[in-house]
Amino acid sequence: IFGASSGWMVEEFRALGVPFRNRGPRTDEYLRVVQYLWETPRPHSFSGRFVDFRDIKYEPAPVQRPKIPLWIGGNSRAAMERAVKMGDAWFPLHIGTDRLRRRVDSFDEACQSLGREQRPLLAMNTSVDFKIKDEGASSGLFGSVDRVMASLGEYSDAGLDYLVSDFPREGIPEFVESMETFAER
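Basis of the calculations
Residues numbered from 1 in each chain as written. Predicted model: local features only at pLDDT ≥ 70, side-chain atom pairs only at ≥ 80, totals over all residues. Heavy atoms only, no water. Helix = DSSP H or I, 4+ residues; strand = E, 2+ residues; numbered from the N terminus. Buried < 20%, exposed > 50% of the residue type's maximum accessible area, 1.4 Å probe, protein only. Contact = heavy atoms within 4.5 Å. Areas by Shrake-Rupley, 256 points an atom, 1.4 Å probe, with all protein chains shown as cover. Lys, Arg positive; Asp, Glu negative; His and termini not counted. Charge placed at Lys NZ, Arg CZ, Asp CG, Glu CD. Salt bridge = Lys/Arg side-chain N within 4 Å of Asp/Glu carboxyl O. Core = buried A, V, L, I, M, F, W, Y, C linked by side-chain atoms within 4.5 Å. Expected span 1.5 Å × (residues − 1). Phe/Tyr/Trp six-rings, centres within 6.5 Å; stacked < 30°, edge-to-face > 60°.

Student: So what's going on with the overall build of the protein chain? Which residues, and what values?
Tutor: Counting its regular elements, the protein chain contains six helices and eight strands. Ordered by position in the sequence, the α and β elements of the protein chain form the string β-α-α-β-β-β-α-β-α-β-β-α-β-α. For the protein chain, with 185 residues in total, the buried portion stands at 38%. Of the contacts formed within the protein chain by residues at least 6 apart in sequence, a portion of 53% connects residues at least 24 apart. Just so you have it, the protein chain exposes about 11300 Å², and 51% of that area is on carbon and sulfur atoms. Charge-centre separation for the protein chain: the mean point of 25 positive side chains lies 8 Å from the mean point of 28 negative side chains.

Below, the structure written as structure tokens:
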């Protein structure tokens, strides 16, 4: 799986000397270049707004055919539409189940309006923390084991295909304990 996102932190773009305001079109073109290199047996040149090369050799070619699955990250509408246009999955971060349901409706509408018959997979990253109380947690998997299990069902019912989770990093023992609890229950 190849994951890509246009980014959100202005300071990162400033550090690279790249205009933040062009990140969407730049990401689209970079993804077209990557797909061109993956899918063309003998790529030789590309000329675009941000990328320009001639007479190159690209090796090794990906083993996966016809291409490596492309997961597009980001919570914005632009990221979602990029996933519909170019991706195999849309990968937002830390969205609560209510918001996810609304976004799935928009996701399906975008697929229809952009002529995509089968919508990309829906994957999400969120945190799992059994020590945070349920009150006030707007997204993620927080609270008791039973609450986390119920939330997993709610995410699945909302249309989530894949969940990538992370655990608290207070220390190795807490990290391992959280992962073991999650795996066992």
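Still more ground to cover, so stick around.
Student: Now, about the side chain of T126: what can you tell me, with residues and values included?
Tutor: Here T126 shows up in strand β6 (residues 121-129). Owing to a relative accessible area of 0%, T126 belongs among the buried residues under this scheme. Leaving out residues up to four positions away in the same chain, T126 has contacts with H94, G140, L141, L163, V164, S165 and D166.

Student: Kindly report on the pattern of salt bridges, identifying the contributing residues and their values.
Tutor: Per the stated rule, a full pass over the model turns up nine salt bridges. For R77, the salt bridge identified is with E81, shortest N-O distance 3.0 Å. Placement of both R77 and E81 in helix α3 (residues 77-86) is noted, with a separation of four residues, approximately one turn of the helix. We classify E81 as partly exposed; its relative accessible area is 24%.

Student: Give a detailed account of the nonpolar core, specifying residues and quantitative values.
Tutor: Proteins that are soluble and globular tend to have nonpolar side chains buried together. Ranked by size, the top nonpolar core spans 25 residues in total, and within it L31, W90, L100, F107, L122, Y155 and L160 carry the most contacts. Where this core is concerned, the elements lending two or more residues are β4 (70-73), α3, α4 (97-113), β6 and α5 (145-158). Filtering out sequence-adjacent residues up to four positions away, W90 remains in contact with I72, G74, N75, A79, M80, A83, R103, F107, P120, L121, L122 and A123. Judged by nonpolar contacts, the second largest core, of five residues, contains V33, L37, F46 and V51.

Student: Let's hear about helix α2 (residues 23-39): which residues, and what values?
Tutor: Taking 1.5 Å per residue, 17 residues should reach 24 Å; α2 reaches 24 Å between its end C-alpha atoms and fits that length. Burial in α2 covers these residues: G24, R26, T27, E29, L31, V33, Q35, L37 and W38. Looking at the buried side of α2, the elements it contacts are β1 (2-4), β2 (46-47), β3 (52-53), β4 and α3.

Student: How would you summarise the packing of aromatic side chains if you had to cite specific residues and measurements?
Tutor: Counted by the stated rule, this structure contains nine aromatic pairs. Where W71 meets F91, the ring centres are 5.8 Å apart and the plane angle is 40°; that geometry is what we call tilted. With W71 in strand β4 and F91 in strand β5 (residues 89-91), the pair connects residues that are 20 residues apart, well separated along the chain. W71 gets classed as buried once you look at its relative accessible area, which sits at 13%. Here F91 falls in the buried class, since its relative accessible area comes to 18%. For the pair F167 and F175, a centre-to-centre distance of 6.4 Å together with 85° between the ring planes defines the contact as edge-to-face.

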